[in-house]
Amino acid sequence: MTPDRMDRDRMDRDLQALQSSRDLLRRARAAAEAFRQVSPAAAMKIAGKVAEAAAGRARRYAEWAVEETGFGRVEDKIDKNLSGSIRVYEEYRDRPVGGIRQDRERNIVEIGRPAGVIVGLSNSTSPVGTVYFKAMLALMSRNAIVFSPHPAALACTGDAARFLEESARRAGAPKDAIQILAEPSLEATNALMRSDETDLVIATGGGPMVRAAYSSGNPALGVGPGNTPVYVDRTADLAFAAEKIVEGKQYDYGTPCSAPSVVLADKPVGRELRGLFEREGAYFCSDEELATLEAAAFPGGRLNPAIIGQPAGRVAQIAGLSLPPETRAIVGLLKDAAQDAAQDAAQDAGSVPPMAREKLSVLLGAAVVDGVEGAIGIARCMLRSAGSGHTAAIFTGDPEQAVLFGAALDYYRIVVNGDPTNGAVGRGTGLPVTFTIGTGFAGKSSIDHNLGPEDLIDWKRVAFPSGEAPAAKPVAPQAEPARGTEAAVQSLKAEVRRIVAEELARN
């Protein structure tokens, strides 16, 4: 094939993808208008049925995702798929999203309005779990969603999205409430994000894609990368800390952005903690091994994609190292000189030692520090590389120490005495179950919390007079919704009359 013919074929594919994006959004608009007429309670029931169906295919899609992308562990992908479906439903099942509610204290009636058409970007490290999660949020909030999948996971995410759409339709959702771009391209994805038909973009993926979402001209909810420091102080249960940190690093082979990145051991317990880590399957590299490992893991100073989501044996093979077969995490110590540089506020991001950066793998940095001040110093160094607004963790017997550690750093989730990998996303903590972690102002994100269905709703507020005011006179409601089935209209009018009657009774 000639170069000219190749260019023409590429152009044809791009044009087809652009046309496909327009068609998807047009159908999504019709679905969103229809879905808006469904009650919040009915939408939650639809979401429940879809969650059950999705959970039934958790293993199938976990195996498919690992085979297609080469990232992670099947058992952990199953767990993620369950979190993105049945667990997120259970988190919100008793709290229908939207509708009409009354704030009696402030004398305000609030009316929930779904966003409408959502564009959801998915990633390659948790492809199906992310699609499950964002589809569930859209269903709960009565929105239509169009996915732009990561090319490395196109087959499994495409099949999952089509299965979700079919399940939702059978459960009572409008046709085309869930759709996916069959042949994604950069141009088509940008077209989805920038279209006037798009009401909201939810971006999960690499930094450039998230920044593109924020510059699309449409509202966007994006997230930043993680780089989790874990401080273990002298009052902690050391055996428990070692178990949970290695467990969190091993989970899906370190691909979650909340996975432990660097362990910071309080000096009096450093030696004992190292022994406990080794008992849990952590291998501590010698100076020579660490130099070899860093050269392989960060060639040219950039993370090598080949090590992402790989078992320790495979990472060792890539680096040319020979490690014990039972190795679960590969640990590199930050040297004293590196620690000094890490704590020097004048240094820039390029000076951050490789093992203090985000690694998305079973690699784990480690350092012995002089109390909480030393831990804060290295954590601040890590923030210069990545992780602002994301997640940190601490193991301690002193609650005040935990709060001090959290208050001193620009991380918006501090997991105490638990595995941050799962604790940050609502497993074993009171944080909401999520796949999208907002990083707030520090991480250049528009939200600072775990994304949930309520983030996909706007609220109209009808504000009655506060304090003394002329008595309200009963009037028949004059306005009706512009669109909707007769049943939906009557339901809305009945709810409005009930609230108005309560308001009149108070005056």
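For the structure itself, look to the data block above.
Residues numbered from 1 in each chain as written. Predicted model: local features only at pLDDT ≥ 70, side-chain atom pairs only at ≥ 80, totals over all residues. Heavy atoms only, no water.

> So what exactly am I meant to see when it comes to unusual backbone geometry here?
Negative phi values dominate among residues other than glycine, just as trans dominates among peptide bonds. Phi is positive for Tyr253, which is not a glycine, with a value near 55 degrees. Here Tyr253 lies in the loop between α9 (238–250) and β9 (260–266). Residue classification places Tyr253 among the buried positions, given a relative accessible area of 15%. One non-glycine residue, Asn417, lies in positive phi territory at about 55 degrees. Along the polypeptide, Asn417 turns up in the loop between β14 (413–416) and α16 (420–423). (Helix = DSSP H or I, 4+ residues; strand = E, 2+ residues; numbered from the N terminus. Buried < 20%, exposed > 50% of the residue type's maximum accessible area, 1.4 Å probe, protein only.)

> Would you explain the packing of aromatic side chains in this entry?
The relative placement of two aromatic rings is captured by the distance of their centres and the angle of their planes. Tallying each qualifying case throughout the model produces 5 aromatic pairs. Ring centres of Tyr61 and Tyr132 lie 6.3 Å apart, and the angle between their planes is 90 degrees; this geometry places the pair in the edge-to-face category. Pair noted here: Tyr61 is in helix α3 (residues 58–69) and Tyr132 is in helix α5 (residues 127–140), with a separation of 71 residues, a long-range link. An identical accessibility class is assigned to Tyr61 and Tyr132; each is buried. Aromatic rings pair up to connect Tyr61, Trp64 and Tyr132 into one cluster. Over the ring of Trp459 we find Arg101; its NZ or CZ atom is 3.6 Å from the centre of that ring. When the ring centre of Phe298 is taken as origin, the NZ or CZ atom of Arg357, which lies over that ring, is 5.7 Å away. (Phe/Tyr/Trp six-rings, centres within 6.5 Å; stacked < 30°, edge-to-face > 60°. Lys NZ or Arg CZ within 6 Å of the ring centre and 35° of its normal.)

> Hey, could you run me through the packing of α3 against helix α6 (residues 154–171) in this one?
Helix-helix packing is characterised by the crossing angle of the two axes and by the distance between the axes. Following both chains from N to C, one finds α3 and α6 inclined at 155 degrees, their axes separated by 8 Å at the closest point. One element, α3, and the other, α6, form an angle in the roughly antiparallel class. Between α3 and α6, the residues in contact are Arg60, Tyr61, Trp64, Ala65 and Glu68 and Leu154, Ala155, Cys156, Asp159, Ala160 and Phe163, respectively. In terms of residue class, the contact of α3 with α6 is built from 8 nonpolar, no polar and 3 charged. (Axes fitted to C-alpha atoms, helices over the stretch in contact; angles between N-to-C directions. Parallel < 35°, antiparallel > 145°, perpendicular 65-115°, else oblique. Contact = heavy atoms within 4.5 Å. Nonpolar A, V, L, I, M, F, W, Y, C, P; charged D, E, K, R; others polar.)

> It is not clear to me how helix α12 (residues 312–319) should be interpreted in this structure. Could you clarify?
Residues spaced three or four apart along an α-helix point in a common direction, a consequence of the helix completing one turn every 3.6 residues. Buried residues of α12: Ala312, Val315, Ala316 and Ala319, and no others. Seen end-on, α12 carries its buried residues on one side only, within an arc spanning 100 degrees. Counted as exposed and oriented over 90 degrees from the buried face of α12: Gly313 and Gln317. Residues of α12 that are buried sit in contact with α11 (287–297), β11 (329–333) and β12 (363–369). Of the residues one or two after α12, Gly320 is the one with positive phi, at around 75 degrees. (Arc of directions from axis to C-beta.)

> How should helix α2 (residues 40–56) be read in this particular structure?
Counted at 1.5 Å a residue, the expected span for α2 with its 17 residues is 24 Å, and the 25 Å between its end C-alpha atoms agrees. Of the residues making up α2, those classed as buried are Pro40, Ala43, Met44, Ile46, Ala47, Gly48, Val50, Ala51 and Ala54. (Expected span 1.5 Å × (residues − 1).)

> How should the sheet that holds β14 be read in this particular structure?
Through backbone hydrogen bonds, the strands of a sheet pair up, either in parallel or in antiparallel fashion. Spatial strand order, β10-β11-β12-β9-β8-β13-β14: 7 strands in an open sheet with parallel pairing. The open sheet has two edge strands, β10 (282–284) and β14, and neither has a second partner. On average, each strand axis in the sheet is tilted by 25 degrees relative to the strand beside it, whichever way the strands run. Seen against the sheet, helix α14 (residues 371–385) touches β8 (228–232), β9 and β12 and runs at an angle of roughly 170 degrees to β8. (Pairing = 2+ DSSP bridges.)

> Any chance you could explain the side chain of Gln310 here in plain terms?
Looking at where Gln310 falls in the secondary structure, it is placed in the loop between α11 and α12. From its side chain, Gln310 meets the backbone oxygen of Gly70 in a polar contact 2.8 Å long. What Gln310 contacts, discounting residues up to four positions off in sequence, is Gly70, Phe71, Tyr253, Val315 and Val362. (Polar contact = N/O pair within 3.5 Å; in protein donor to acceptor, adjacent residues only side chain to side chain.)

> I keep staring at the side chain of Arg413 and nothing clicks. Help me out?
For Arg413, the location among the structural elements is in strand β14. Among buried Asp, Glu, Lys and Arg side chains, Arg413 stands out as unpaired, with Asp448 the closest opposite charge at 6.3 Å. A polar atom in the side chain of Arg413 sits 2.7 Å from the side chain of Asn450. Among all residues touching Arg413, those that are not within four sequence positions of it are Gly389, His390, Thr391, Ala392, Ala424, Leu431, Ile437, Gly438, Asp448, His449 and Asn450. (Lys, Arg positive; Asp, Glu negative; His and termini not counted. Salt bridge = Lys/Arg side-chain N within 4 Å of Asp/Glu carboxyl O.)

> Is there a simple way to think about the pattern of salt bridges in this case?
Where charged atoms from two side chains of opposite charge approach closely, those side chains can pair. Across all of its chains, the model carries 25 salt bridges by this definition. For Asp23, the salt bridge identified is with Arg26, shortest N-O distance 3.8 Å. Here the residue Asp23 and the residue Arg26 both occupy positions in helix α1 (residues 3–35), the gap between them amounting to 3 residues, near one helical turn. A residue is classified by how much of its surface remains accessible, and Asp23, at 24% relative accessible area, is partly exposed.

> Before we go on, may I ask you to explain the sheet that holds strand β4 (residues 144–148) in this structure?
Ordered in space as β5-β4-β3-β6-β7, the 5 strands form an open sheet in which the pairing is parallel. Edge strands, defined here as strands with exactly one partner in the open sheet, are β5 (178–180) and β7 (220–222). The average angle at which neighbouring strand axes cross in this sheet is 20 degrees, direction not considered. The sheet contacts of α5 involve β3 (117–121), β4, β5 and β6 (200–203), and relative to β4 the element is tilted by about 160 degrees.

> I'm lost on the pairing of strand β2 (residues 108–114) in this one. Help?
Regular strands place their side chains on alternate faces of the sheet. A large share of β2 lies buried, amounting to 5 of its 7 residues. Here 4 bridges tie strand β1 (residues 100–103) to β2, and the two strands are oriented antiparallel to one another. Residue pairing in the sheet places Asp103 in a bridge with Ile108 of β2. A loop of 4 residues connects β1 with β2, the two strands running antiparallel in sequence, and Asn107 in this loop sits at a positive phi of about 60 degrees.

> Even after reading the chapter, I still don't get the pairing of β4, so can you show me in this structure?
Judged by how many residues are buried, β4 sits mostly within the fold: 5 of 5 residues are covered. A two-sided burial pattern is seen for β4, the buried positions comprising Ala144, Val146 and Ser148 on one face and Ile145 and Phe147 on the other. Two strands pair when backbone bridges link them, and β3 and β4 are joined in this way by 5 bridges, in the parallel orientation. Bridge pairing in β4 places Val119 opposite Val146.

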